Amino acid sequence: MGQISVEPKDVVQRLRDGMAHGVLSFPLTSLRGDGSLDLESYRAYLTAQLATAPGAVFPACGTGEFFSLDEDEYRAVVQATVEIADGRLPVVAGIGYGWAQSLRFARIAEEAGADALLVLPHYLVGAPQDGLVEQLRRIAAGTGLPLIAYQRGQVTFTVESLRRIAEISTVIGLKDGHSDLDRLQRLTLAAPDGFLFFNGAATAEIQARAYATVGVPAYSSAVHAFAPEIANAFFTALREGDDAGMNKLLRDFYVPLVELRDRVPGYAVSLVKAAARLRGLPVGPVRAPLTDPSPGDLADLEKVLDDGLSLVGAVRRPA
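To start, this report covers the structure provided alongside it. (Residues numbered from 1 in each chain as written. Predicted model: local features only at pLDDT ≥ 70, side-chain atom pairs only at ≥ 80, totals over all residues. Heavy atoms only, no water.)

What about the overall build of the protein?
The secondary structure content of the protein amounts to 12 helices and eight strands. Whereas a compact globule of 319 residues would reach a radius of gyration of roughly 20 Å, the protein reaches 18 Å, a difference of no more than 12%. Principal-axis analysis of the C-alpha atoms places the extent of the protein at approximately 50 × 45 × 35 Å. Taken over 319 residues, the protein has a buried fraction of 55%. Here the contacts in the protein between residues at least 6 apart in sequence split such that 73% fall between residues at least 24 apart. (Helix = DSSP H or I, 4+ residues; strand = E, 2+ residues; numbered from the N terminus. Rg over C-alpha atoms; globule rule 2.2 N^0.38 Å. Buried < 20%, exposed > 50% of the residue type's maximum accessible area, 1.4 Å probe, protein only. Contact = heavy atoms within 4.5 Å.)

What follows is the structure in structure tokens.
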């Protein structure tokens, strides 16, 4: 199949509209106990997730264990997401590794009907600014889908590089996972009108207020993957400027969750999946190199989850 083109300005507007009314959903990828993809369970899980009105859906990204999916599994996940979303909200699929392999995934996402792509940090090595820009240029030259760059880990863009990537016609935005608000403010001021920015910090609600002050109110919510009631309550409080409501959720749920997350590398995904299982959601275990939480950490997670749900008048498993 030839390259599929999607008008970037249309995707930007759809994302902007979605970001105004809901969090960005990064769904988990359902796996069986033996580690194989459980597509039927993923479809059931995603249907429930989309019923909670997120602003956009980002399948097969970090929370969805992109790094552990082969190309056939990736195709199945993105296709299922596009079918279930059914045009109601934008579908932004993750791609990554080097530019050549990114394009293999990009073409699969194109054929599956994705609206845009999130370019995850490249594999292993550091790179100079010229290389980071060239990476995006090569991906843009090989796909017609709009691109959102993701700076995290070994990827950090300077103001000059931001200007250069923004000149690539299909690069529509930047997701930030560094939480350097001084640098991020400089980037937002240097960007052209209409360029999108996203808060991609781990457990983004912790820093959502601070990001909003530098012009980045949109954020991805890992909590939405297992407790959309809590995620949506925080989003509403942020949008309405309800500092007391945000502080209560942060103090009594998000901070304890982050303290638990920081105990073990990889818990940013493993705890999310475990919390989803505690709620009876069909997501299964994580794949190596991630590990599921220890019994002690799982017991602590149960308490954090129950405390958080009680704050918004919800229960772990409704009768």
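Description of the packing of helix α2 (residues 39–50) against helix α3 (residues 71–85)
For any two helices packed against each other, one specifies the crossing angle of their axes together with the interaxial distance. The geometry of α2 relative to α3 is characterised by a closest axis approach of 10 Å and an angle of 40 degrees between their N-to-C directions. By the angle between their directions, the pair α2 and α3 is classed as oblique. In this structure, α2 meets α3 at a crossing whose hand is right-handed. Each of L39, Y42, R43, L46, T47 and L50 in α2 lies in contact with α3, whose residues at this interface are A76, V77, A80, T81, E83, I84 and A85. (Axes fitted to C-alpha atoms, helices over the stretch in contact; angles between N-to-C directions. Parallel < 35°, antiparallel > 145°, perpendicular 65-115°, else oblique. Left-handed = near helix turned anticlockwise from the far one by under 90°.)

Thoughts on the sheet that holds strand β5 (residues 147–151)
Strand pairing in a sheet takes place through backbone hydrogen bonds and is either antiparallel or parallel in direction. The strand order β3-β4-β5-β6-β7 describes an open sheet built from five strands, whose pairing is parallel. Every other strand in the sheet has two partners, leaving β3 (92–95) and β7 (196–199) as the edge strands with one partner each. Recorded for the sheet is a direction-independent mean angle of 25 degrees between the axes of neighbouring strands. (Pairing = 2+ DSSP bridges.)

As for the nonpolar core
Ranked by internal contacts, the top residues of the largest apolar core, which has 110 residues, are Y74 and F226. It is α3 that contributes the most residues to this core, eight residues altogether. If sequence neighbours within four positions are ignored, F226 has contacts with F253, L257, V272, A275, A276, R279, L281 and L305. (Core = buried A, V, L, I, M, F, W, Y, C linked by side-chain atoms within 4.5 Å.)

Looking at the side chain of E73
Topologically, E73 is positioned in helix α3. A relative accessible area of 14% places E73 in the buried class. Apart from the residues within four sequence positions on either side, E73 is in contact with L37, S68 and R287.

Some points on the pairing of β7
Because side chains alternate across β7, one face comprises the buried residues L196 and F198, and the other comprises F197 and N199, equally buried. In this structure, strand β6 (residues 171–176) lies alongside β7, joined through four bridges in parallel fashion. If you follow D176 over to β7, its bridge partner there is N199.

What to know about helix α9 (residues 228–240)
The end-to-end C-alpha separation of α9 is 18 Å, in line with the 18 Å expected for 13 residues at 1.5 Å each. By the burial criterion, the buried members of α9 are P228, I230, A231, F234, F235, A237 and L238. In the core, the buried residues of α9 are packed alongside α1 (8–21), α2, α8 (208–213), β8 (220–221), α10 (243–261) and α12 (295–311). Positive backbone phi, at 70 degrees, marks G241, one or two positions downstream of α9. (Expected span 1.5 Å × (residues − 1).)

With respect to the pattern of salt bridges
Following the criterion strictly, the structure yields 22 salt bridges and no others. In this structure, D115 and R14 form a salt bridge, with 3.2 Å as the shortest nitrogen-oxygen distance. Of the two residues, D115 is situated in the loop between α4 (99–112) and β4 (116–119) and R14 in helix α1; the sequence distance between them amounts to 101 residues. Owing to a relative accessible area of 17%, D115 belongs among the buried residues under this scheme. A relative accessible area of 29% places R14 in the partly exposed class. The salt bridge involving D292 is made with R277; its shortest N-O contact spans 3.5 Å. (Salt bridge = Lys/Arg side-chain N within 4 Å of Asp/Glu carboxyl O.)

Side note on the environment of E110
Here E110 is to be found in helix α4. With 31 residues separating them along the chain, E110 and Q79 place their C-alpha atoms 9.8 Å apart.

So, the sheet that holds strand β1 (residues 24–25)
Spatially, β2-β1-β8 is the arrangement adopted by the three strands of the open sheet, whose pairing is parallel. The open sheet has two free edges, formed respectively by β2 (56–57) and β8, since each of these has just one partner strand. Of the strand pairs in this sheet, β1 and β8 are connected by two bridges, and their pairing is parallel. Paired with S25 across the two strands is S221, which belongs to β8.

Taken by themselves, the reported measurements are silent on function.
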